[in-house]
Amino acid sequence: MGLLSSIKKGMGGEEQQMPPTSPPAQTEEARREERATPDRIRVGHVHLCGCTGCVVALTDIYQGLFKVLDDYVDWVYGTTIADVRRIPEMDVALVEGAVCLQDHEQIQDLRTTRLQSKLVVAIGSCACTGNILRFSRGGQVNQPQHESFAPISDLVDVDVHIPTCAPTPQQIRNTIVMAYLLLKGTDDQKALAGRWLKPMMDLARTPFYQKASFNTLMQEVINQGLCMGCGTCAASCPVRAISMEFGKPNGTRDLCINCGACYAQCPRSFFDHDLMEQHESIMELIQGAMAPK
Ligand code: SF4
Ligand code: SF4
């Protein structure tokens with residue numbers, strides 16, 4: 001039985017195997033939870049294995065982050081942003097990074113996050129696909145035994161994928177605002193927010209880019225006229241199978257190992273044509289939510 005299979009099997013009955021992570025009740029954290037504002041959503045950031053680029057993008061929302069924190073969100077967990085040690089109940093958990101299969105504590109944190117959260121959002125390519133960590137051989141000085149990493153959807157159900165490395169601050173902000181409207185908005189707002197989130201929910205349900213190749217990128221992005229020549233696909237290819245020529249990606253198919261990294265990183269690969277018709281009303285909704293009161 002492989003390492004991943006044995007971990008999944010263990011997760012079915014691991015209550016006795018894994019030590020609980022929760023400290024005793026009525027800590028300062030528990031009291032803070034009780035003070036949470038009821039008409040906001042409870043959001044947390046769970047950091048697994050990654051470069052911390054996603055949380056940097058999150059904090060790069062600047063004024064938008066203040067607005068989100070002022071009006072919509074109680075930030076209830078996150079080792080970088082909030083001093084809370086126990087994973088609490090959350091409406092939205094933003095999970096950054098791939099999960100290390102040799103780190104039982106991290107696996108338990110991920111599992112607890114799933115159990116405690118209404119929406120689990122894989123934020124960034126490491127959480128969505130494993131990204132560069134798929135190619136890790138381990139041997140880091142401080143954790144030499146950590147050598148196998150997997151996307152979080154290999155171990156738990158994930159509701160939303162925000163691929164790319166790192167996602168833009170606007171994409172993260174809009175996801176938080178849309179999650180708020182989905183959970184707390186009027187019926188119209190819920191419908192529009194659900195429409196906006198659907199392509200990223202579809203990605204989470206069908207992580208098709210795990211079997212994507214350069215051909216997929218060619219068929220679904222470049223040949224559809226969606227490529228904007230940003231070069232992200234070429235930069236992300238681990239075997240240098242893509243070069244940029246005359247501003248467009250050109251692939252050497254013999255080199256392609258079908259890792260899907262180019263497709264996962266391409267900011268146009270999860271483009272939803274149907275959403276274009278609702279683009280203006282969606283932008284109005286987001287701008288309205290972010291406008292000063
Ligand atoms: S090997 Fe390169 S071209 Fe092929 S799927 Fe991976 S990133 Fe894309
Ligand atoms: S990442 Fe996507 S949009 Fe950017 S150059 Fe490659 S195919 Fe074009």
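Before reading on, note that the structure itself is shown above.
Since we're looking at a predicted model, the values are computed, not measured. (Residues numbered from 1 in each chain as written. Chains lettered and ligands numbered in written order. Predicted model: local features only at pLDDT ≥ 70, side-chain atom pairs only at ≥ 80, totals over all residues. Heavy atoms only, no water.)

Caption draft 1: Broad picture of the site of ligand 2. Residues in contact with ligand 2 amount to 13 residues; listed here are only the nearest, Cys227, Cys230, Gly231, Cys233 and Cys266. Listed by contribution, the elements that provide at least two residues to the shell around ligand 2 are α9 (214–222) and α10 (232–236). Across the shell around ligand 2, the residue classes break down as 10 nonpolar, 3 polar and no charged. (Near = heavy atom within 4 Å. Helix = DSSP H or I, 4+ residues; strand = E, 2+ residues; numbered from the N terminus. Nonpolar A, V, L, I, M, F, W, Y, C, P; charged D, E, K, R; others polar.)

Caption draft 2: Highlighting the packing of helix α8 (residues 187–205) against helix α12 (residues 279–290). Between α8 and α12, whose axes approach to 11 Å, the crossing angle comes to 110 degrees. Between α8 and α12, the interaxial angle falls into the category roughly perpendicular. For the pair α8 and α12, the sense of crossing is left-handed. Residues Gln189, Leu192 and Trp196 of α8 pack against Ser281, Ile282, Leu285 and Ile286 of α12. For the contact of α8 with α12, the class distribution of residues is 5 nonpolar, 2 polar and no charged. (Axes fitted to C-alpha atoms, helices over the stretch in contact; angles between N-to-C directions. Parallel < 35°, antiparallel > 145°, perpendicular 65-115°, else oblique. Left-handed = near helix turned anticlockwise from the far one by under 90°. Contact = heavy atoms within 4.5 Å.)

Caption draft 3: Representation of the pattern of salt bridges within the structure. Scanning the model with the defined rule gives 6 salt bridges in all. Residue aspartate 71 pairs with lysine 67 through a salt bridge whose shortest N-O separation is 2.6 Å. Highlighted residues: aspartate 71 and lysine 67, both in helix α4 (residues 63–71), separated by 4 residues, approximately one helical turn. Arginine 114 is the salt-bridge partner of aspartate 159, the closest N and O atoms lying 3.0 Å from each other. (Salt bridge = Lys/Arg side-chain N within 4 Å of Asp/Glu carboxyl O.)

Caption draft 4: Just the site of ligand 1, in detail. For ligand 1, the set of nearby residues contains 14 residues, the closest of which are Cys237, Cys256, Cys259, Gly260 and Cys262. Residues of the shell around ligand 1, tallied by class, amount to 11 nonpolar, 3 polar and no charged.

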